Amino acid sequence: MFFVHSHDAPRTPEPVTVVDMTTSAHPSPGPTRAGGPVIDRLVEANQRYAADFRDPGMDARPVLQVAVVACMDARLDLHSALGLDLGDCHTIRNAGGVVTDDVIRSLTISQRALGTRSVILIHHTGCGLESLTEDFRHELEDEVGQRPPWAVEAFRDVDQDVRQSMQRVRTSPFLRHTDDVRGFVFDVKSGLLREIDPAR
Ligand SMILES: [Zn+2]
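This structure is a prediction, so every number in the text was calculated from the model and none was measured.

Enquirer: Honestly, the UniProt feature "binding site: Zn(2+)" (unreviewed entry) in the protein chain in this entry has me stumped. Any pointers?
Expert: The residues that UniProt annotates with the feature "binding site: Zn(2+)" (unreviewed entry) are C71, D73, H124 and C127. In three dimensions, the annotated residues from a span of 57 residues occupy one location, with a maximal C-alpha spread of 8.4 Å. Tracing the chain through its elements places D73 in the loop between β3 (66–71) and α2 (78–82). A count of 24 C-beta atoms within 10 Å places D73 in the buried class. Residues within four places of H124 in sequence aside, it is in contact with C71, D73, L76, V185, F186 and V188.

Spelled out as structure tokens, the structure:
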């Protein structure tokens, strides 16, 4: 098993059938719980959402001119945690909130085509990437017969990883604005952000 989740305190006791998402190449159908296949539930929720939805009349440029780069972790609700409303920001998420070439691609478009100026980076405590190593790639290669072209970007020290991410944004030649780049660690137990000093 490659990916070890660090969900040590699941909030909802309701029975959930969990499918290991990384050991099955074609998970079909998705995990179910009371109410049917999970994607059916999402589509039904969307129908309720759309019933009350009103076109906010905005264009695509984020109101607050900010891009948020964060881990995909399910415990991190960015809009609630940062007091963001619809239309306020760009949200760029991946495993670890790592600043990869594709994140730079999104930030470049965000800044040059859609007017954002600030970048906030959010990693978090208990990240799944802390329990991985680059062995993940080797094991994956052994299993599927092909080496993935991407790095796992596993890390041991979350503070240092935030610093590295800030550095990658600040030194990107493609970005127009690199003066307002700040990095934080979100504590999944308290909900608080802790700012990381880029200099240390
Ligand atoms: Zn994470």
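Enquirer: Which parts of the structure should I look at to understand the pairing of strand β7 (residues 193–196)?
Expert: Looking along a regular strand, one sees side chains alternate from face to face of the sheet. Here strand β6 (residues 181–186) pairs with β7 via 4 bridges, running antiparallel. Bridge pairing in β7 links F186 to L193. A loop of 6 residues connects β6 with β7, the two strands running antiparallel in sequence, and G191 in this loop sits at a positive phi of about 80°.

Enquirer: Would you mind showing me how to read the nonpolar core here?
Expert: Note on soluble globular proteins: their nonpolar side chains tend to be buried together. Of all hydrophobic cores here, the largest spans 27 residues; its most connected members are A67, V68, V69 and V119. For this core, the elements supplying multiple residues, two or more each, are β3, β4 (89–94), α3 (101–112), β5 (118–124), α5 (158–170) and β6. At 5 residues, β3 tops the list of elements feeding residues into this core. Apart from the residues lying within four places of it in its own chain, the contact partners of A67 are C89, H90, I92, L107, S110, T116 and V119.

Definitions and cut-offs
Residues numbered from 1 in each chain as written. Predicted model: local features only at pLDDT ≥ 70, side-chain atom pairs only at ≥ 80, totals over all residues. UniProt positions renumbered as here; feature names shortened; annotations may be inferred. Helix = DSSP H or I, 4+ residues; strand = E, 2+ residues; numbered from the N terminus. Buried ≥ 20, exposed ≤ 12 C-beta atoms within 10 Å, placed from the backbone. Contact = placed C-beta atoms within 7 Å. Pairing = 2+ DSSP bridges. Core = buried A, V, L, I, M, F, W, Y, C linked by C-beta atoms within 7 Å.

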